[in-house]
Amino acid sequence: MQLERAELQSIELTREIAFPGDVRFDPEQVILQGVYRDQLSAYRARKIWVETLSSNFLLEAGHDYEVCVESKVSEGVFFLNCNFTSACGRYAFWRLTNEQAPEAQYLIETAHIPHSELCADDFFSAPDLRPMVGRDSLTAQIGAFDDISKKATRVQDILESFRSWLYR
């Protein structure tokens, strides 16, 4: 019995693939919500959010706030929701959303980005906290992620054609 070897195409990655993340807040319901395209980013952000709220505001998970990750796999979106329940938690929320704690705000905005040299530029391009317009804006957010993915694919195709032309 002879085994046939399949030819594998080699792929050169010059940079990690970064999935965008966006953090919104709802002042009516006192909720922070992170929207991510992959589960790993959502859970990485959850860990950083808990550490940030604990160290910067001395809040306790379960008492001052509740954090949960929800997924909509059919849409390819993962939500990180943080609901502030106590008076101390609501005050921390107010400080975060009114630019009274810029260091903590930055940590929450960039929590989904891995700490590596390859992702150093992603820390500069992370979007700022923005208010939620409503649940209808979720469709717009998903559309924005799809547009970014299409642009990244198009850039990757152009680079691949340039690379093949260069190495002829």
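Residues numbered from 1 in each chain as written. Predicted model: local features only at pLDDT ≥ 70, side-chain atom pairs only at ≥ 80, totals over all residues. Heavy atoms only, no water.

Engineer: So, the overall build of the protein: which residues are in play, and what are the values?
Structural biologist: Across its full length, the protein carries four helices and five strands. When the helices and strands of the protein are listed from N to C terminus, the series reads β-β-α-β-β-α-α-β-α. By residue count, 35% of the 168 residues in the protein fall in the buried class. A total of about 11,700 Å² of accessible surface is found on the protein, and carbon and sulfur atoms cover 54% of it. (Helix = DSSP H or I, 4+ residues; strand = E, 2+ residues; numbered from the N terminus. Buried < 20%, exposed > 50% of the residue type's maximum accessible area, 1.4 Å probe, protein only. Areas by Shrake-Rupley, 256 points an atom, 1.4 Å probe, with all protein chains shown as cover.)

Engineer: How would you explain the side chain of aspartate 26 if you had to name every residue and give the values?
Structural biologist: For aspartate 26, the position within the fold is in strand 1 (residues 21–26). Separated by 3.1 Å, the side chain of aspartate 26 and the backbone nitrogen of glutamate 28 make a polar contact. (Polar contact = N/O pair within 3.5 Å; in protein donor to acceptor, adjacent residues only side chain to side chain.)

Engineer: Please provide a residue-by-residue account of the confidence of the model for the protein, values included.
Structural biologist: Averaged over all residues, the pLDDT of the protein equals 76, while 63% of them reach at least 70. Per-element averaging of pLDDT across the protein places strand 5 (residues 130–131) at the bottom with 62 and helix 2 (residues 87–97) at the top with 95. (pLDDT = per-residue confidence, 0-100.)

Engineer: Go over a nonpolar patch on the surface, please, and point to the residues and values.
Structural biologist: Where nonpolar side chains cluster on the molecular surface, the patch consists of Phe162, Trp165, Leu166 and Tyr167 and spans about 520 Å² of accessible area. Tracing the backbone shows phenylalanine 162 in helix 4 (residues 137–166). (Patch = residues over 30% accessible without salt bridge, like charges linked within 9 Å, V, L, I, M, F, W, Y side chains within 5 Å. Salt bridge = Lys/Arg side-chain N within 4 Å of Asp/Glu carboxyl O.)

Engineer: Kindly report on unusual backbone geometry, identifying the contributing residues and their values.
Structural biologist: One non-glycine residue, valine 30, adopts positive backbone phi at about 55 degrees. Positionally, valine 30 belongs in the loop between strand 1 and strand 2 (31–36). You can call valine 30 buried: its relative accessible area is 14%. With phi around 55 degrees, leucine 58 is a residue other than glycine that occupies positive phi space. Secondary-structure assignment places leucine 58 in the loop between helix 1 (39–57) and strand 3 (65–72).

Engineer: Hey, could you go over helix 3 (residues 102–109) for me, with residue numbers and the actual values?
Structural biologist: Listing the buried residues of helix 3 in full gives Ala104, Gln105, Ile108 and Glu109. Buried residues of helix 3, seen end-on, are gathered within an arc of 135 degrees and therefore sit on one face of the element. Packed against the buried residues of helix 3 are strand 1, strand 2, helix 1 and helix 2. (Arc of directions from axis to C-beta. Contact = heavy atoms within 4.5 Å.)

Engineer: Quick rundown of the packing of aromatic side chains? Include the residues and the values.
Structural biologist: According to the stated counting rule, one finds four aromatic pairs in the structure shown. With 6.1 Å between their ring centres and 75 degrees between their planes, phenylalanine 25 and phenylalanine 93 make a pair best called edge-to-face. Highlighted residues: phenylalanine 25 in strand 1 and phenylalanine 93 in helix 2, separated in sequence by 68 residues. For the pair formed by phenylalanine 25 and phenylalanine 93, the shared burial category is buried. A centroid spacing of 5.5 Å and a plane angle of 50 degrees characterise the contact between phenylalanine 84 and phenylalanine 93, whose relative ring orientation is tilted. Here the two residues phenylalanine 84 and phenylalanine 93 agree in accessibility, since each one is buried. Three or more aromatic residues joined by ring pairs make a cluster, and in this case those are Phe25, Tyr65, Phe84 and Phe93. (Phe/Tyr/Trp six-rings, centres within 6.5 Å; stacked < 30°, edge-to-face > 60°.)

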